[in-house]
Amino acid sequence: MSDVPMLEMRGITKRFPGVLANYRVDFDVRSGEVHTLLGENGAGKSTLMKILYGLYQADEGEILLNGEPVEIHSPMDAIERNIGMIHQHFMLVETLTVAENVALGLPSDRGFRTDLDAVSERIEALAERYGLSIDPSAIVWQLAVGQRQRVEIIKALYREANLLILDEPTAVLTPQEVDQLFVTLRQMTADGRGLIFISHKLHEVLALSDRITVLRQGHITGKVPVEGATRESLAEMMVGRQVKLVPDKPPVEVGSAALEISGLRVVGDRGHETVRGLNLEVRAGEILGIAGVSGNGQREMAQAIAGLREVTGGSIRIGGVETTNLKPAEIRKHGLAYVTEGRLRDGAIADFSVSENIMLIDHADPRYLNRGLMDFRAIREHSQMLVDQYAVKTPNLETPAKNLSGGNIQKMILAREMSGTPTVLVASQPTRGVDIGAAEYIHSRLVQQRAEDTAILMISEDLDEVFALSDRIAVIYEGEIIGIVDPAAATREQVGLMMAGVRPEA
Amino acid sequence: MNEFFTQAILIATVASGIRLAVPLLLASLGETFGQRSGVLNLGVDGIMLLGAFGGYYTVLKTDSVWLGLLTGIGIGIILGLVSAVISVTLKAEQGISGIGIYLFGLGMSDLLFQKLVGTPRPVSSFPKLDIPGLSDIPILGEMLFQHSMIVYVAFGLVPVSMYIINRTTFGMNIRAVGENPEAADSLGVSVVRTRYLTVTIGGTLAGIAGAALAIDLGIFQQNLTNAQGFIAIALVYFGAWRPAGVMGGALLYGFVNSLVLQFKTLGIIPRSWSDIAAMAPAIITILALVLVARRFRQPAALTKPFTRGA
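Residues numbered from 1 in each chain as written. Chains lettered and ligands numbered in written order. Predicted model: local features only at pLDDT ≥ 70, side-chain atom pairs only at ≥ 80, totals over all residues. Heavy atoms only, no water.

1. A short note on the overall build of chain A
1) Next: Counting its regular elements, chain A contains 17 helices and 22 strands.
2) Next: Rg of the C-alpha trace for chain A: 25 Å, near the compact-globule value of 23 Å for 506 residues, within the 12% margin.
3) Next: C-alpha atoms of chain A, sized along the principal axes, occupy 75 × 50 × 50 Å.
4) Next: Across the 506 residues in chain A, those meeting the buried criterion constitute 54%.
5) Next: Put simply, of all contacts in chain A between residues at least 6 apart along the chain, 67% involve residues at least 24 apart.
6) Next: When the accessible surface of chain A is summed, it comes to about 21,900 Å², and 49% of that surface belongs to carbon and sulfur atoms.
7) Next: Distance between charge centres in chain A, computed from 52 positive and 70 negative side chains, equals 4 Å. (Helix = DSSP H or I, 4+ residues; strand = E, 2+ residues; numbered from the N terminus. Rg over C-alpha atoms; globule rule 2.2 N^0.38 Å. Buried < 20%, exposed > 50% of the residue type's maximum accessible area, 1.4 Å probe, protein only. Contact = heavy atoms within 4.5 Å. Areas by Shrake-Rupley, 256 points an atom, 1.4 Å probe, with all protein chains shown as cover. Lys, Arg positive; Asp, Glu negative; His and termini not counted. Charge placed at Lys NZ, Arg CZ, Asp CG, Glu CD.)

2. Thoughts on the domain arrangement of chain A
Residues and elements named next belong to chain A.
1) Next: When its domains are assigned, chain A resolves into domain 1 (7–239) and domain 2 (257–353 + 418–499).
2) Next: Here the C-alpha centre of domain 2 lies 33 Å away from the C-alpha centre of domain 1.
3) Next: Listed by partner, the interface residues are 13 residues for domain 1 and 15 residues for domain 2.
4) Next: Interface of domain 1 and domain 2: buried area, both sides summed, is about 1,100 Å²; carbon and sulfur atoms make up 54% of it.
5) Next: For the interface between domain 1 and domain 2, the tally reads 0 salt bridges. (Domains from an automatic or database assignment. Buried area = accessible area lost by both parts, 1.4 Å probe. Salt bridge = Lys/Arg side-chain N within 4 Å of Asp/Glu carboxyl O.)

3. Notes on the pairing of strand β8 (residues 194–198) of chain A
Residue and element names in this part refer to chain A.
1) Next: Among the 5 residues that make up β8, 5 are buried, leaving the element largely enclosed by the rest of the structure.
2) Next: Along β8, one buried face is formed by G194, I196 and I198 and the opposite face, lined by L195 and F197, is buried too.
3) Next: As judged from the 4 bridges shared by strand β3 (residues 34–39) and β8, these two strands associate in the parallel manner. Residue pairing in the sheet places L37 in a bridge with I198 of β8.
4) Next: Across 5 bridges, the pairing between strand β7 (residues 163–167) and β8 is parallel. Residue L166 lies in a different strand from β8, and its bridge partner there is F197.
5) Next: Between the parallel elements β7 and β8, the chain passes through helix α6 (residues 175–190) in a crossover that is right-handed. (Pairing = 2+ DSSP bridges. Right-handed = clockwise from strand over helix to strand, strands pointing away.)

4. Points about the sheet that holds strand β14 (residues 311–318) of chain A
All names here are of chain A.
1) Next: Read from one edge of the open sheet, 4 strands run β12-β11-β14-β15, paired in antiparallel fashion. Of all strands in the sheet, those with a lone pairing partner are β12 (273–283) and β15 (321–322), marking the two edges.
2) Next: In terms of strand pairing, strand β11 (residues 257–267) meets β14 through 6 bridges, oriented antiparallel. Each residue of the ladder has a partner; that of E260, found in β14, is R317.
3) Next: Lying on the sheet, helix α9 (residues 298–305) is in contact with β11, β12 and β14; it crosses β11 at an angle near 120 degrees. (Axes fitted to C-alpha atoms, helices over the stretch in contact; angles between N-to-C directions.)

5. Focus: the pattern of salt bridges
1) Next: The tally for this structure, following the rule as stated, stands at 36 salt bridges over all chains.
2) Next: A single salt-bridge network, built from bridges that share partners, covers A:D269, A:R299, A:E300 and A:R309.

6. Notes on a negative patch on the surface
Residues and elements named next belong to chain A.
1) Next: Side chains of E121, E124, E128 and D135 sit close together on the surface and give a patch of like negative charge.
2) Next: Its location among the elements puts D135 in the loop between α4 (116–130) and α5 (145–158).
3) Next: By relative accessible area, which is 43% here, D135 ends up partly exposed. (Patch = residues over 30% accessible without salt bridge, like charges linked within 9 Å, V, L, I, M, F, W, Y side chains within 5 Å.)

7. Overview of a nonpolar patch on the surface
1) Next: Together, B:W273, B:I276, B:M279, B:I283 and B:L287 line one region of the surface with nonpolar side chains, adding up to about 520 Å² of accessible area.
2) Next: When you line up the elements, B:W273 lands in the loop between α11 (243–266) and α12 (274–278).

8. Quick notes on the environment of A:V485
Residues and elements named next belong to chain A.
1) Next: Within the fold, V485 resides in strand β22 (residues 480–485).
2) Next: Between the C-alpha atom of V485 and that of P504, which follows or precedes it by 19 residues, the distance is 9.5 Å.
3) Next: Leave out the neighbours within four places in its chain, and V485 touches R472, I473, A490, V495 and M498.

9. Details of the side chain of A:S74
1) Next: Note on placement: A:S74 falls in the loop between β5 (68–70) and α2 (75–80).
2) Next: For A:S74, a relative accessible area of 14% translates into the label buried.

10. Brief notes about the packing of aromatic side chains
1) Next: Overall, the coordinates contain 11 aromatic pairs over all chains when judged by the stated rule.
2) Next: Every member of this aromatic cluster is reached through a ring pair, and the members are B:F53, B:Y56, B:Y57, B:F113 and B:F220.
3) Next: One Lys or Arg, A:R129, reaches over the ring of A:Y130 and ends 5.6 Å from the middle of that ring.
4) Next: The residue whose ring lies beneath A:K411 is A:Y441, and the NZ or CZ to ring-centre distance is 5.1 Å. (Phe/Tyr/Trp six-rings, centres within 6.5 Å; stacked < 30°, edge-to-face > 60°. Lys NZ or Arg CZ within 6 Å of the ring centre and 35° of its normal.)

11. Considerations on the packing of helix α2 (residues 44–62) of chain B against helix α9 (residues 191–217) of chain B
Packed helices, taken two at a time, are described by the angle their axes make and the gap between the axes.
Residue and element names in this part refer to chain B.
1) Next: Running from N to C, α2 and α9 point in directions that differ by 50 degrees, and their axes come no closer than 6 Å. Regarding the angle of α2 to α9, the classification is oblique. Relative to α9, the crossing made by α2 is right-handed. Where α2 abuts α9, its residues V44, I47, M48, G51, A52, G55, Y56 and V59 lie against G203, A206, G207, A209, G210, A211, A214 and I215.
2) Next: Residues of the contact of α2 with α9, tallied by class, amount to 11 nonpolar, 5 polar and no charged. (Parallel < 35°, antiparallel > 145°, perpendicular 65-115°, else oblique. Left-handed = near helix turned anticlockwise from the far one by under 90°. Nonpolar A, V, L, I, M, F, W, Y, C, P; charged D, E, K, R; others polar.)

12. Some remarks on the environment of A:I290
Residues and elements named next belong to chain A.
1) Next: If you trace the backbone, I290 turns up in strand β13 (residues 287–291).
2) Next: For I290, a relative accessible area of 0% gives the class buried.
3) Next: Separated by 95 residues in sequence, I290 and M385 place their C-alpha atoms 32 Å apart.

Next comes the structure, spelled out in structure tokens:
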């Protein structure tokens, strides 16, 4: 191993209109190490990596590979220089087979014709070496998420990538799959490859990294070896102030069941039953966290509770009242509030103003009407109050929602949903893609709402969040709750096994 | 005697159905390439019309049907490239920009016809090419193997297209670009080049389709295609973006069309109804489209322009 790093990025600066995405960033990777790039959304991690991968060009600075200055103008250049990238949103063509996805863009041994059998053989050899079992002839849409990621890794290895960029590779995996991935990654560093790991899951960062570089608002705010780093110290470098990763949860007297679901059956988008006889009870004053790998019926369950998807069997009761298959507005009248998982897809209307978004559920309420027409003064007062109360950072009430940051959109939605003091709050992925500061605030709000006797059903793919907030954790697997555990007593491993479908010993 | 008559009519109906399917088949095969790569070109009919006029005018001047076809190819390539510039480079809304190409083709072909020709004069059509051996088979030979060259070429392009799309690296690129251009781009497949090629192939085949139509009829008139280019686009959906399916749709349209013509000639359909009967092929095609096409998923990136890093 030589002293020259595999990769050196020196003084990288990249400006977008109105944004300084990277400012004089230095970053290097040595052979055989994992160097983590840590930072909030918009801190400039992705920009830096897109520059390295040829998707963007830097305004200033230079890139050296093995000491040689290089110019990378396109992903093709990057691939030719043995740089590989595992994108957070998989870059796979779902209708093609695994072998076709791997062979895509590469010259074929047979010239004009494809040579998929030769490709398949090489895939199997790579799969064996790195513990990535996969069927090369499977069509990608048939594969589970973990398998798809294997395809991504094989794609990079097949192209002889020495330097691998892993953009939030664990976001969609179960804890067991994460462990398995880490084994593969360690085999890769043992073979002398250099890895760039992008993540905001602090315990994973600590488990995998050799070195950690922290970015905030385009600047480097920390460069530390993993020895001596703690979750708190890393979070502080990311946010620029001390952060409470686990909210204080004062004890609350748990009341009676506010949300009762029994034998719930719901059909998903593709026509298959995705919720299969689900039973669940959430009591007033508790946060029940739903853990599970995405696609196990969480979304359909939440939509069914909110009346946005037809219930084909079983029943849902809110505050003791049967609400199965009522209209969404009627269910809301019975005390339901719903924070959807897609902020700008179904949680808010991107082109509507902050004020209009806040009024979405209340615009027909007599309090905001004047002789049947909208009473803009009342509306303005009401939305201004909520914006202040929930610390939504917005230039004014007329700003379109899409111009706010993810965290502020989420706060705006939370303000709207909680303004009626709901009996039951269903919160899907309440802090996904939200920066740590906003997540901290949202968590504290959920805890506050719990103290006001709301029954909170929180669905999250982030196990840290589930463990930090829940009073009880229910694990969903293939449309059923396969176990409920106490977060104080259970371990991540136990929950992880249940997420993979292993039922707890009774 | 009566039996012979029926058989002769049957043979003629099938043979003419195959002939009528040819322009549609050519145009929709071309459009299949474009759509598989994610580009919807609604301008097919306009390209067909200009190809038709170009083909007709060349034959009129040179008396060579092959030069006429060549003109159709040339016009198709040029308009295919224009379509590609508009939809791929300029990233125009594909549901609208193609209409512009169509209107341009519709107006320009008629203008050129009025200026350069004026009164319709018939030109020579494609020579018949009997396939040695096969054309002598009773009934089947007459139906299938006594056509002009262009018919064999059009149907020959079906397996060729299948091979290109499913068995070549170019075809794999097309499918990838039409489903997930970001993924293809990240592996160094040029989305722009792939789409330029497919849209140009589409334009070329539309140009040939138009020329073939005009030369087959031996005549040109305003709006000669009668919106066949739009039917061709519908057939791509009908055929679920697969060449064989597209061929099935083109044949269905051709047979219905030929049946209606035959019925009219035989007086089965009264004269006063003939205009309504003329709509039958389009209506049946659309019905079939509604019933069949829903089962298949279209290329995920269809009509979506690609911008790197967006």
